[in-house]
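Observations on the three-dimensional arrangement
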Amino acid sequence: MMQRRSFLKYAGLFASLPFVSQLADRSTLLAAGANKFSTDLVLNGEVYTAAHWGALRVVVKDGAVVDSGDAFGEFKPSSVKNPRYLDGEKALNSLDMRSSVADLIGPNNGFDRTNRIKAPMVRKSYLEKKPNNKELRGRDEWVEVSYEQAIKLVSSEVKRIRAKQGASGIYGGFYGWQSSGKLHSARTLLHRFLTMGGGFVGGLGDYSTGAAQVIMPHVMGTLEVYEQQTSWQLVLENAKVVVIWGSNPLSTLKLAYTATDSQGLKYYNELRKAANEKKIKVICIDPIKSETIQFFKGKADHIKVCPNTDVAMMLGIAHTMLTSGKYDKEFIENYTEGFEKFADYVLGKTDGVAKTAKWASGISKVPEKQIKALAKLFFENRTVLMAGWNIQRQHHGEQAHWMIVTLASMIGQIGLPGGGFGLSFHYSNGGSPTTNAPVLGGINVGKAVIKENWKSTEEKERSGAIPVARISDCLLNPGKTLQYNGRVITYPDIDMIYWVGGNPIVHQQNVNKNLKAWRKPTTVVVNDIYWTPSAKMADIVFPITTSYERNDLSMTGDYSNLNICPMKQVVAPMPKAKSDYQVFADLSSACGFGDAFTEGGKTEMQWLEEFYTTAYNRATNAGITTAEGEAMPDFKKFWEDNKPLTFAPTAEGEAYVRYADFREDPILNPLGTPSGKIEIFSETIAKMDYKDCKGHPMWFEPAEWLGMKNKPAEFALTSPHPINRLHSQLSNTRLRDSYAVADREPIWINPKDAKEKGIKNGDLVRVYNARGEALLGAIVSDMMPRKVVRIFEGAWYDPADAQQDGSMCKNGCPNMLTLDIPTSELADANIANTALVNIEKFKGKAPELTAFMPPKGAK
């Protein structure tokens, strides 16, 4: 399985352009424009750049950032100072991630929470080669070394492990959210270095959609979760019922994998208007009265489903449709495969349990009458099911989106304007029409220069990549076998972790287990900007520049390609900080393939010119103009103009209906499944004979949920995407001051539950289970149902006592509490939203927060 965003149809993340160095001797540079473009910093004025949270306009005075915001002047923050208790409207407007540029660069105006890594650092006991140094990882003091010494330490270790174990000894860890740029992509640079050097162990899938992206190719023949959606304009014109199932778009649409185009939030404003005018019925299915639900101001129906039971509720709807005969038999006959076997299961013919609305109600706690009403409503109206990803980040998460597709098939409107289903309307502004913009090229991982040093082809096939969420299990159990999507994976014996562009100590489930796992390898290297929890768990760290300290290019809208954005360097880099590219270029040189890595030594600007000029030539040859009807400028003018280019949606983009061609002719336009149809029953999966994922969607009881007997804890924990940051990014900015409670991450709790526990707004609470404990600040709110709590994912792990195993996180990281077991043998994805916890009011003096402080020895 290829990695997550490599499947993006429109983003062009892996163009086959070579990659070059900005480090080579000037005498070796190619002639093309070596000094054509001014890269002098703007000391006073405006600079345009981009981040995942949008195209940015940055104001600089005397070489320092004094302000930043949206490049187009839209979605300005309101004057609300404390958004902890906001309704959805204020949650949309009150916090603007685009204002955080100054905070992310480093100390300014007395603010120093960014905690920049200021020099190459090595753990003291690692440097001294003490026998017990691995146990001191995360507990040790640090020593500054020269950049040259750090390069020598890492390159020597890479050579040692390759000679001893081969490629299977090195894990190339990543999460690709660090930079929006086409050039300075930490993930691709790491993989380029490790690929050219002989190979490495990589990751399969991702944490966002690990279950869905494995099951959907079996069902629909495509990843589905990272695909363009039916045009929002057609949804607004044709849909009569819009179901937002298990997502909070007001949070997630503030971001994109490239840079957000902000169009999705505009469409939600239009959807609210249609709901107010009773043109569209909006239904939100969510345990929590989320910010999105509040945004509709009572004009959206909120159906409170018990956490982890969405599949049971869907089966109850399917049973009602089956027994009433109100489902599209013609669509099922012509466009799907294996429905009869699923129908037998729903009717109870295979297991003796009919999946009636009453049965579903007993599990999901959604009233039987409401389940039956939904079946009728969906069938009789043009309905689109907009499913989020939270419902597949659960135990047996593969079943949720499989059932969404099955329900949409029974409704029979897949391929019709405003009907069917969509799994990406809440992500990267899916449904915002695709423009005519030429797509920028980007970097690639290259190919092996040093001969691949896998011990055998068989070893590479069985151990060359593992599901990303199984990394702790892999580190702790080398040689263990794992079932995965029809094949067997053997965990390699990882002796070195090299991690870039992410914060794995925070995003991996069951932190205490993960910490134990990270103390197994001989060496851990991390490239990072800040002293994150993951950097503190390394042996060697390189200080990395922010995206505001280098030049790059990006586009907005992963699907729309609405803008081409300059990412101009805003300020001078910290004195000892290097770009990831420079670090890996120098490591490549030390390992004997530097010239191949740098491809002749082009400068940063030469590479950006080449990326841009390739797109420019496409536009010129095709007669493509900007939205203003102007010809696309050449690179020199584009860079000097210092502003994004905007392109217009095409007629095809505005009229796009997902699966319209398939619906028109399923013979000439088959899906990429074995049958060419929607596989409600998959013979391929059935033959895998997995106990926890059969040939058709089913209800499996989760490992932990509110309906289980002998519950190990009292409350269901939900840990969705945060509203005011990107995973763990921006935790170290002043945005945190507006949502932290008692200087901790907040936890939302129902008023009646809080009263029973003696908890009031603003109290510190201890949240715990058998896996760990965390300290949080209470927000008592009726947005929460009884026995359900919410903690946003991404809080930086901050142990009360780093010297003790199992120490409480005093900053409220929810992954202290989550389960690290697979969704099933099919996908082996994470189940972050399946966990039970206990809560009590914290007693005693609150420990000092140290999450944003450097470790001992660091400057």
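For the chain, an unreviewed UniProt entry supplies the name Trimethylamine N-oxide reductase I catalytic subunit and the organism Helicobacter enhydrae.

What about the packing of helix α11 (residues 310-324) against helix α14 (residues 357-364)?
At a minimum axis separation of 8 Å, α11 and α14 run at an interaxial angle of 165°. Put simply, α11 runs roughly antiparallel to α14. Where α11 crosses over α14, the two elements pack in a sense that is left-handed. Only A357, W359, A360, I363 and S364 of α14 make contact with α11, whose side of the interface consists of A312, M313, L315, G316 and T320. Looking at side-chain class alone, the contact of α11 with α14 contains seven nonpolar, three polar and no charged residues.

Quick look at the packing of aromatic side chains
Two aromatic rings are characterised by how far apart their centres lie and by the angle between their planes. Enumeration according to the criterion identifies 30 aromatic pairs in this entry. Seen in terms of ring centroids, W389 and Y427 are 4.8 Å apart; in terms of plane orientation they differ by 45°. Their pairing is tilted. Placement of the pair is W389 in the loop between β12 (383-387) and α16 (398-411) and Y427 in the loop between β13 (420-422) and α17 (457-463), with a sequence separation of 38 residues. For W389, a relative accessible area of 6% translates into the label buried. On the basis of relative accessibility, which here comes to 5%, the residue Y427 falls in the buried class. Through pairs of rings, three or more aromatic residues link up here, namely F331, Y335, F421, Y659 and F662. One cation-aromatic arrangement involves R272 over F295; the distance from NZ or CZ to the ring centre is 4.0 Å. The aromatic ring of Y147 is capped on one face by K578, whose charged end is 4.9 Å from the ring centroid.

Focus on the sheet that holds β13
Backbone hydrogen bonds are what pair the strands of a sheet, in a parallel or an antiparallel way. The sheet built from five strands is open, its strands ordered β10-β9-β8-β12-β13 with parallel pairing. Bordering the open sheet on either side are β10 (300-303) and β13, each of which pairs with just one other strand. For this sheet the average axis-to-axis angle between neighbouring strands, irrespective of direction, equals 20°. The sheet contact formed by strand β8 (residues 241-245) and strand β9 (residues 281-285) spans five bridges and is parallel. Considered in β9, the bridge of I244 is made with C284. Relative to the sheet, helix α15 (residues 368-380) contacts β8, β9, β10 and β12, its axis offset from that of β9 by approximately 135°. Strands in contact with α16 are β8, β12 and β13; relative to β12, the strand with the most contacts, it is inclined by about 175°.

About the criteria used
- Residues numbered from 1 in each chain as written.
- Predicted model: local features only at pLDDT ≥ 70, side-chain atom pairs only at ≥ 80, totals over all residues.
- Heavy atoms only, no water.
- Axes fitted to C-alpha atoms, helices over the stretch in contact; angles between N-to-C directions.
- Helix = DSSP H or I, 4+ residues; strand = E, 2+ residues; numbered from the N terminus.
- Parallel < 35°, antiparallel > 145°, perpendicular 65-115°, else oblique.
- Left-handed = near helix turned anticlockwise from the far one by under 90°.
- Contact = heavy atoms within 4.5 Å.
- Nonpolar A, V, L, I, M, F, W, Y, C, P; charged D, E, K, R; others polar.
- Phe/Tyr/Trp six-rings, centres within 6.5 Å; stacked < 30°, edge-to-face > 60°.
- Buried < 20%, exposed > 50% of the residue type's maximum accessible area, 1.4 Å probe, protein only.
- Lys NZ or Arg CZ within 6 Å of the ring centre and 35° of its normal.
- Pairing = 2+ DSSP bridges.

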